[in-house]
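Architecture at a glance
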Amino acid sequence: MSVAADIVPLAQPVLGEAEEAAVIEVLRSGQLSLGPRIGTFEQAFAARLGAAHASAVSSGTAALHLGLRAIGVQAGDEVVTSPFSFVASANSILYEGARPVFADIDPRTLNLDPAAAAAAITDRTTALLPVHIFGYPADLPALEAHGLPIVEDACEALGAAHVDGIAVGGRGHPAAFGFYANKQLTTGEGGMLTLSSAEHKAQVDSERNQGRAPDMGWLDHDRLGFNYRITDIQAAIGLVQLERLDGMLADRARVAAAYRAALAGIEELGLPCEDAGGDVRGWFVFVVQLPRGVARDDVMAGLRAAGVQSKPYLPAIHLMSFYRERFGHRPGEFPVCEDVAERSLALPFFPAMTEGQVARVAEALARVLDR
Ligand SMILES: Cc1ncc(COP(=O)(O)O)c(C=O)c1O
């Protein structure tokens, strides 16, 4: 992610000597896979979130897939989920031959609208897959009222907490986290599934390792599995990042507050919703909603000319060509999601971002929008 000095990048991980030392230690230990750091990382992660168990895997997508398998989602099932997400949340449902049934989002939180989700439930619905988009907690208490199994996509929500004070990922449902390089905590690639049941943990640990139970010999497998293993190098980096997490989250919150102040004067620009009702966002990205009628491509080109990176984030999943062709989705089905997806723009956002960089982005955006 190295960029020219005069460019304000979209994202930048915080990595230092402690991560370097941890990696070197693993390399010198000679145990790069299936080693002791994986369990240590899992325990520290679970403890931080108040979860009974955690299983480290190769990606957030792998965590979602194994979470859905753990709760028994099967071919032909329907899983109600959000169309305003990274495509992996819906794809993971397809991996098991189940059908993602989308429901529209709440215009304030951009998360699954509980009323729309309720209306999408049929007698074929076997699970709900809410996404804590942009780190803002989805309304789990409302969704839990249906009594259906839930898998949470918490890939963007490390550090977030619900109204009742429970950390996102600590409610007892399988909850998937992702550690890609732009995330609150990174291992380069990687993921974690928090779990409340020891049986689920045993199943996930076996399925991430080609279906091998811990007490089984090498090359002995008693169920279908995958290679969703994380390495000890990644786990070692994750452990250091976990120690840094409070500081990194505080820095993200500081940058978000600076953005709020710097962008407040730009008319008709939508900002990420403030924490309300006791919910706490775990800051991941700073996504604004451009005023209606503004050409987003022109705004991005103007920002680029000013040395500011930006990205349309996120497109509506149901309108992606693959989903349109496979399920016949058409514009107009989820109007809130579609309106938000057309106007969303992610601005540079990372813990080491300076007030000067925030000001530069805000000035460029105001100039490009002519406001
Ligand atoms: C909402 C959401 N779901 C799922 C994923 C998938 O995570 P990964 O890229 O680690 O597979 C991501 C991250 O990119 C995400 O943002």
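Residues numbered from 1 in each chain as written. Predicted model: local features only at pLDDT ≥ 70, side-chain atom pairs only at ≥ 80, totals over all residues. Heavy atoms only, no water.

1. Let's talk about the packing of aromatic side chains
Note the following rule: Any two rings among Phe, Tyr and Trp, with Trp reduced to its six-membered ring, count as a pair given centres within 6.5 Å; such a pair is stacked if its planes are under 30 degrees apart, edge-to-face if over 60, and tilted if neither. Helix numbers and strand numbers start at the N terminus; a helix is a DSSP run of H or I with at least 4 residues, a strand a run of E with at least 2. With a 1.4 Å probe rolled over the protein chains alone, any residue whose accessible area is under 20% of its type maximum counts as buried; one over 50% counts as exposed, and the rest are partly exposed. Placement of a positive charge over a ring is assigned whenever Lys NZ or Arg CZ falls within 6 Å of the ring centre and within 35 degrees of the normal to the ring plane.
The tally for this structure, following the rule as stated, stands at 15 aromatic pairs. Both rings, one in F41 and one in F179, keep their centres 5.7 Å apart while their planes meet at 50°; by these two values the pair is tilted. Placement of the pair is F41 in helix α2 (residues 36-49) and F179 in the loop between β6 (175-178) and β7 (191-195), with a sequence separation of 138 residues. Centroid distance F102 to F334: 6.4 Å. Interplanar angle 75°. Geometry classified as edge-to-face. A residue pair is termed long-range when its members are at least 10 positions apart, and F102 in strand β3 (residues 99-102) and F334 in the loop between α10 (321-327) and α11 (335-343) qualify at 232 residues. Summarising the burial analysis for this pair, F102 and F334 share the class buried. Taken together, the aromatic side chains of F102, F322, Y323, F327 and F334 make up a single cluster linked through ring pairs. Cation over ring: R281 sits above W283, and NZ or CZ is 4.7 Å from the ring centre.

2. Comments concerning the environment of L185
Applicable threshold: Contacts are residue-level and defined by heavy atoms, with any inter-residue pair within 4.5 Å sufficient.
Along the chain, L185 turns up in the loop between β6 and β7. Counting along the chain gives 60 residues from L185 to L245, while the straight-line C-alpha distance between them is 6.8 Å. Contacts of L185, omitting those with residues within four sequence positions, involve F41, L158, G178, F179, Y180, G238, Q241, L242, L245 and M248.

3. Quick word on the nonpolar core
Stated formally: In this description, a nonpolar core means a group of buried Ala, Val, Leu, Ile, Met, Phe, Trp, Tyr and Cys residues linked to one another through side-chain atoms lying within 4.5 Å.
Core analysis: the largest hydrophobic core is formed by 45 residues, its most contacted members being F84, F134 and Y313. Only α3 (60-70), α4 (88-95), β4 (125-129), β7, α10 and α11 provide two or more residues apiece to this core. When residues in this core are grouped by element, the largest group, six residues, is from α3. Excluding anything up to four places from it in sequence, Y313 contacts F84, F134, E156, F284, V285, V287, S344, L345 and A346. With 28 residues, the next largest nonpolar core counts F286, M353, V361 and L369 among its residues.

4. Some points on helix α9 (residues 296-305)
Spelled out, the test is: The arc in question is the one traced by the directions running from the helix axis out to the C-beta atoms.
Among all positions of α9, only R296, V299, M300 and L303 are buried. Buried residues of α9 fall within an arc of 100° about the axis and therefore sit on the same side. Those residues of α9 that are exposed and aimed more than 90 degrees away from the buried face are D297, D298 and A305. Contacts made by the buried residues of α9 are with β9 (311-312), α11, β10 (344-347) and α12 (355-369). Of the residues trailing α9, G307 is marked for its positive phi of about 80°.

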